[in-house]
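As a plain string of letters, each chain reads:
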Amino acid sequence: MGAPRSGTSALTRVLSLCGAALPAKMAGADRNNQRGYWEPRESIHLNNKIVRRHNSTAFDPTLRLQEDGEFDGEEKAACIAEIGKFLSTLPAAPVVVIKDGHVTLLSDLWFEAARRAGFDVAIVIAVRRPQESIASGTAAFHIPPELGSPVWLKYSLLSERVTRELPRVFVDYAHLLEDWRREVKRISVALGIDLNNRDESAIDDFLTPDLHRQSRTGPVEEPFGTDWFSVVDETLRAAARDEPVNQAALDRVFEGYRTSERGFRAAFETYQRLYKINRVIRPSLLKLRHEIVAIAHRRRGTWA
C-alpha cells in the first residue's frame, strides 16, 4: 500500500524475488513504468468496477468512498464475494504479495475477504516524499500537481489509518534503493515472514539508480496553506526509520482534510449543476428577462 508513484511496484517486485508468490496475469511494463507494475489485471478490473459505480477513480481526491453508508450491506457482501473469488485463484504458497492501488481505497472489503479466505493480512507501506511522488505522477500520467498533491495526501493518510490493527512496516523508497537487503530484513522481522529465498543478482539488476528519476530535496510545499504535507511526510518517514507513529498528528491532518474536502466537494458539485443550467440560458435571453422585469416595475425605484 501507499501513495501512487511511491515505489509500490519496486517493492512488490523485490518481495517476489525474495520468495513471495505473485498472482497470475500481471499488468506488464509500459513507457510509464518500464520495469512493470506487478499488479494483477483481474484485481485492477474488479476494483475499477467497484469505484466507478460510486463515481470515483483511483485519482479521486475526495473521501467519498470512506463515507459512512457509502456501501450498503447488500453491496458490501457482493463485493467481498467478488474479491474472495479472485483470492481463490492465488497460488498456494506460504507468502503471497498483492499490489493494487485500489486496495487502499477499498481496504475494508479486501481485508474482510482475505480473512474469510483464510489469509493472514500483513501490510508493507511504501513511503516517498510528496514532491517526488507528485512529480512522478506528472511525468508519467500528466497529472498536474494541483491534483497530485491531494491524491498523495489522501493515500498516505489512508494507508496508515486503515492498517493500525494489522502487522505492518513502513519502507522508504529511497532506503530501498540505497540498501534493499536492510529493508527486506526489516520487512521480514516486522511481519514475521521468511524472505530468505532470494535471487540477489536479479534484485541488484532490477533496483538500478535510474529508478529514482524524480529525486527531489528541500522543504515540502504546502499547497493548502496548512502544515498537512510536512506533518504527514515527517511522520511516515520517521515510521520508516522504525520510530513510533505519531497517530495523533495524522488524525489531526485527516480530520482537517476530511472537513475541508467535504465542504469543497459540495461547493464544486453545486457549482457544476448551476453551471450546466446557466450554459443553457443565453446571455441575450438573460438580458431580455431583466428588461421585462424592469418594464413590469415601470423602470422605477431600484429598477430605474
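Structure: see above.
As the structure is a prediction and not an experimental result, all values here were calculated from the model. (Residues numbered from 1 in each chain as written. Predicted model: local features only at pLDDT ≥ 70, side-chain atom pairs only at ≥ 80, totals over all residues. Heavy atoms only, no water.)

What is the right way to look at the packing of aromatic side chains in this model?
What characterises a pair of aromatic rings is the spacing of the ring centres plus the angle enclosed by the ring planes. A complete count under the given rule lists six aromatic pairs for this structure. With 6.3 Å between their ring centres and 55° between their planes, Phe 59 and Phe 141 make a pair best called tilted. Of this pair, Phe 59 sits in the loop between helix H2 (41-53) and helix H3 (73-87) while Phe 141 is found in helix H6 (residues 130-141), placing the two residues 82 residues apart along the sequence. Both rings, one in Phe 86 and one in Trp 110, keep their centres 5.8 Å apart while their planes meet at 70°; by these two values the pair is edge-to-face. (Phe/Tyr/Trp six-rings, centres within 6.5 Å; stacked < 30°, edge-to-face > 60°. Helix = DSSP H or I, 4+ residues; strand = E, 2+ residues; numbered from the N terminus.)

Help me understand helix H5 (residues 107-116), please; the structure alone is not making it clear to me.
Within the sequence span of H5, burial applies to Ser 107, Leu 109, Trp 110, Phe 111, Ala 113 and Ala 114. Of the residues flanking the end of H5, it is Gly 118, one or two places downstream, whose phi is positive at about 90°. (Buried < 20%, exposed > 50% of the residue type's maximum accessible area, 1.4 Å probe, protein only.)

How should the pattern of salt bridges be read in this particular structure?
Proximity of charged atoms lets side chains of opposite charge pair with each other. Tallied over the full model, the rule gives 29 salt bridges. Residue Arg 252 is joined to Asp 227 by a salt bridge in which the shortest nitrogen-to-oxygen separation is 2.9 Å. In this pair, Arg 252 is assigned in helix H12 (residues 247-280) and Asp 227 in the loop between helix H10 (200-206) and helix H11 (228-239), connecting sequence segments 25 residues apart. For Arg 252, a relative accessible area of 44% corresponds to the partly exposed category. (Salt bridge = Lys/Arg side-chain N within 4 Å of Asp/Glu carboxyl O.)

Sorry, what's going on with the packing of H3 against H5 here?
Two numbers describe a pair of packed helices, the interaxial angle and the distance between the axes. One way to put it is that H3 packs onto H5 with a least axis distance of 8 Å and a crossing angle of 55°. On the basis of the axis angle, H3 is oblique to H5. Between H3 and H5 lies a crossing whose hand is right-handed. Of the residues in H5, those touching H3 at Lys 76, Cys 79, Ile 80, Ile 83, Gly 84, Phe 86 and Leu 87 are Leu 109, Trp 110, Glu 112, Ala 113, Ala 114 and Arg 116. Its residues assigned to classes, the contact of H3 with H5 comprises nine nonpolar, one polar and three charged. (Axes fitted to C-alpha atoms, helices over the stretch in contact; angles between N-to-C directions. Parallel < 35°, antiparallel > 145°, perpendicular 65-115°, else oblique. Left-handed = near helix turned anticlockwise from the far one by under 90°. Contact = heavy atoms within 4.5 Å. Nonpolar A, V, L, I, M, F, W, Y, C, P; charged D, E, K, R; others polar.)

Teacher, can you tell me more about the pairing of strand S3 (residues 123-127) here?
A regular strand places its side chains so that they alternate between the two faces of the sheet. S3 sits mainly inside the fold: five of its five residues count as buried. Along S3, one buried face is formed by Ile 123, Ile 125 and Val 127 and the opposite face, lined by Val 124 and Ala 126, is buried too. Here five bridges tie S3 to strand S4 (residues 168-172), and the two strands are oriented parallel to one another. Pairing of Ala 126 across the sheet is with Val 171, part of S4. (Pairing = 2+ DSSP bridges.)

It is not clear to me how the side chain of Glu 261 should be interpreted in this structure. Could you clarify?
Secondary-structure assignment places Glu 261 in helix H12. For Glu 261, a relative accessible area of 8% gives the class buried. Setting aside residues up to four positions removed in sequence, Glu 261 forms contacts with Pro 61, Thr 62 and Leu 63.

Looking at this structure, how should I read the side chain of Asn 32?
Tracing the backbone through its elements, the reader meets Asn 32 in the loop between strand S1 (26-27) and strand S2 (39-40). Within the structure, Asn 32 has its side chain in polar contact with the side chain of Arg 31 (distance 3.4 Å). Looking at Asn 32, its side chain comes within polar contact range of the main-chain oxygen of Ala 140, at 3.3 Å. (Polar contact = N/O pair within 3.5 Å; in protein donor to acceptor, adjacent residues only side chain to side chain.)

Explanation requested: the packing of H2 against H3 in the structure shown.
Taken N-terminus to C-terminus, the directions of H2 and H3 make an angle of 170°; their axes are 10 Å apart at the nearest point. It follows from the interaxial angle that H2 and H3 lie roughly antiparallel. Contacts between H2 and H3 involve Glu 42, Ser 43, Leu 46, Lys 49, Ile 50 and Arg 53 from the first element and Glu 75, Cys 79, Glu 82, Ile 83 and Phe 86 from the second. Split by residue class, the contact of H2 with H3 holds five nonpolar, one polar and five charged.

For this particular structure, what's the right way to read the pairing of S4?
Counting buried positions along S4 gives five out of five residues, so the element sits mostly inside the fold. In S4, alternate side chains face the same way, and those of Arg 168, Phe 170 and Asp 172 on one face and Val 169 and Val 171 on the other are all buried.

Help me out: how do you make sense of H6 in this one?
Working note: α-helix, 3.6 residues per turn, so residues spaced by three or four point in the same direction. Relative to the 16 Å expected for 12 residues at 1.5 Å per residue, H6 spans 16 Å between its end C-alpha atoms, a close match to the ideal helical length. With nine of 12 residues buried, H6 is to be regarded as a mostly interior element. Taken residue by residue, H6 has Pro 130, Gln 131, Glu 132, Ser 133, Ile 134, Ala 135, Ser 136, Gly 137 and Ala 140 as its buried positions. Structurally, H6 contributes buried residues whose contacts are with helix H7 (145-161) and H11. Positive phi appears at His 142, one or two residues downstream of H6, with a value of about 60°. (Expected span 1.5 Å × (residues − 1).)

Spatial relationships are all this shows, so hold off on functional conclusions.
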